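Remarks on the overall topology
One letter stands for each residue in the lines below.
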Amino acid sequence: MTQFIDLHSHTTESDGSLSPSELVALAAETGLSALAITDHDTLSGFLQAREPARAVGLDLVCGIELNTRMSLDGPLNRRAVHLLAYFLSADPPAAFAKWLEGEQKDRRDRNARLAAMLRSHGLDVRLEEVELRGKSLTGRPHFARVLVEKGYVKNAEEAFAKYLGEQAPTYVERQSRTAEEVIGIVRSLSGVPVVAHPVRLSLPREQERALLLKYKAAGLAGLEIYHSEHPPELQAYYHQLAAELELLPTGGSDFHGEIKRDIDLGTGFEGNVRVPLRFLDDLRSAFVK
């Protein structure tokens, strides 16, 4: 019997709606063999989930999602690249912990600028009310919730398309390091860096390939093949691309709970995510001493 896993999920410690213990319980109920908690800019969710995971016999993987930017000239340089990092120490060096604190501060600064930008476009959105929706770290999904609640948009998808996404006129970028720099930081800590949801790179295929080769030279280890935004034909393409570039395949639902109601833990959007346990086994074999 094939065992399935989920290597991309979020808790209330970043922008998910389930607490770490609730997420572990759902993973056990769903029948997952392993789960990676990959909250944005924090390991807190993983730390809180360790004991509940042990209690139910769930293989819990330490992960994190980090914001970076493309190192390209021109307007593409403002485009974000999200990296997943696996197998980091749950007790990271002081320098890394301090850097994460800086990333969290940058997120808060971006949120303040984003709220101001939305108001300048006639949307009555205050940072304080958005932060009430985020229990630990506030992100764009919390802004989307406020926009929906106030009737400016019908759903989160429309909120990102009109106001919060990278192509929206009110988009506000974070002051992130380049992907190459962050890949180097992760590798220096014996972590495994992976490009998350590559569909969001939104590049022509040849340019996308060249960028991934550039990241591989910097130490990139894997590519997220299965993701809720990847239909079967795109999964097949990324699977082939990863093999050609000698990047290890990974996958996950990018589960957020109520914030993204159409995405289920372990199975993604309408069942399009089924990540085999061998993906995790291959990652461990290649990188965990």
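Below is a short write-up of the structure. Since the structure is predicted, the reported quantities are computational estimates derived from the model, not experimental observations.

This part is about the packing of helix α7 (residues 179–188) against helix α8 (residues 205–218). Running from N to C, α7 and α8 point in directions that differ by 35 degrees, and their axes come no closer than 9 Å. Every pair of crossing elements has a handedness; the one defined by α7 and α8 is right-handed. Residues A179, E180 and I183 of α7 pack against K214, Y215 and A218 of α8. Residue composition of the contact of α7 with α8, grouped by class: four nonpolar, no polar and two charged.

Moving on: the side chain of T170. With respect to the helices and strands, T170 occurs in the loop between α6 (156–164) and α7. For T170, a relative accessible area of 1% corresponds to the buried category. What T170 contacts, discounting residues up to four positions off in sequence, is L114, M117, L118, H121, K162, Y163 and L164.

Our next topic: the packing of aromatic side chains. One pass over the full model with this rule turns up four aromatic pairs. Ring centres 5.1 Å apart and planes at 55 degrees place the aromatic pair Y237 and Y238 in the tilted group. Taking NZ or CZ as reference, R205 lies 3.6 Å from the ring centre of Y237, over its face. Cation over ring: R274 sits above F4, and NZ or CZ is 3.9 Å from the ring centre.

We now examine the sheet that holds strand β6 (residues 222–226). Across a sheet, strands are paired by hydrogen bonds formed along the backbone, either parallel or antiparallel in direction. The eight strands are arranged β7-β6-β5-β4-β3-β2-β1-β10 in an open sheet whose pairing can be described as mixed. In this open sheet, the two strands that pair with only one neighbour each are β7 (248–251) and β10 (275–276). Sitting on the sheet, helix α2 (residues 44–56) touches β2 (34–37) and β3 (59–69), and the angle it makes with β3 is about 165 degrees.

Turning our attention to the environment of S19. By the secondary structure assignment, S19 is in the loop between β1 (4–6) and α1 (20–30). Spatially, the C-alpha atoms of S19 and G257 are 9.9 Å apart, while their sequence positions differ by 238 residues. Once residues lying within four places of it in the same chain are set aside, the contact partners of S19 are T11 and T12.

Glancing now at the environment of L203. As for its placement among the helices and strands, L203 is situated in the loop between β5 (192–195) and α8. Separated by 53 residues in the primary sequence, L203 and H256 place their C-alpha atoms 26 Å from one another.

Our focus in this paragraph is the nonpolar core. Within the largest apolar cluster, 66 residues are counted, with the highest numbers of intra-cluster contacts made by Y86, Y215 and L223. Sort the elements by how many residues they give to this core and helix α9 (residues 232–245) lands first, with six residues. Here Y86 is in contact with L7, A36, T38, V61, C62, G63, G191, V192, V194 and L283, once residues within four sequence places are set aside.

Judged by how many residues are buried, β3 sits mostly within the fold: nine of 11 residues are covered. Across four bridges, β2 lies against β3 in parallel orientation. Residue A34 lies in a different strand from β3, and its bridge partner there is D59. Of the pairings in the sheet, the one linking β3 to strand β4 (residues 80–86) comprises seven bridges and is antiparallel in character. Of the residues in β4, the one forming a bridge with G63 is Y86.

In this section: the packing of helix α5 (residues 140–149) against α6. Contact geometry of α5 with α6 gives a least axis separation of 9 Å together with a crossing angle of 105 degrees. Taken together, the axis directions place α5 and α6 in an arrangement best described as roughly perpendicular. Residues R140, P141, F143, A144, L147 and V148 of α5 form the contact with α6, whose own contacting residues are A156, A159, F160, Y163 and L164. Class assignment of the residues belonging to the contact of α5 with α6 gives a composition of 10 nonpolar, no polar and one charged.

Conventions we followed
Residues numbered from 1 in each chain as written. Predicted model: local features only at pLDDT ≥ 70, side-chain atom pairs only at ≥ 80, totals over all residues. Heavy atoms only, no water. Axes fitted to C-alpha atoms, helices over the stretch in contact; angles between N-to-C directions. Helix = DSSP H or I, 4+ residues; strand = E, 2+ residues; numbered from the N terminus. Left-handed = near helix turned anticlockwise from the far one by under 90°. Contact = heavy atoms within 4.5 Å. Nonpolar A, V, L, I, M, F, W, Y, C, P; charged D, E, K, R; others polar. Buried < 20%, exposed > 50% of the residue type's maximum accessible area, 1.4 Å probe, protein only. Phe/Tyr/Trp six-rings, centres within 6.5 Å; stacked < 30°, edge-to-face > 60°. Lys NZ or Arg CZ within 6 Å of the ring centre and 35° of its normal. Pairing = 2+ DSSP bridges. Core = buried A, V, L, I, M, F, W, Y, C linked by side-chain atoms within 4.5 Å. Parallel < 35°, antiparallel > 145°, perpendicular 65-115°, else oblique.

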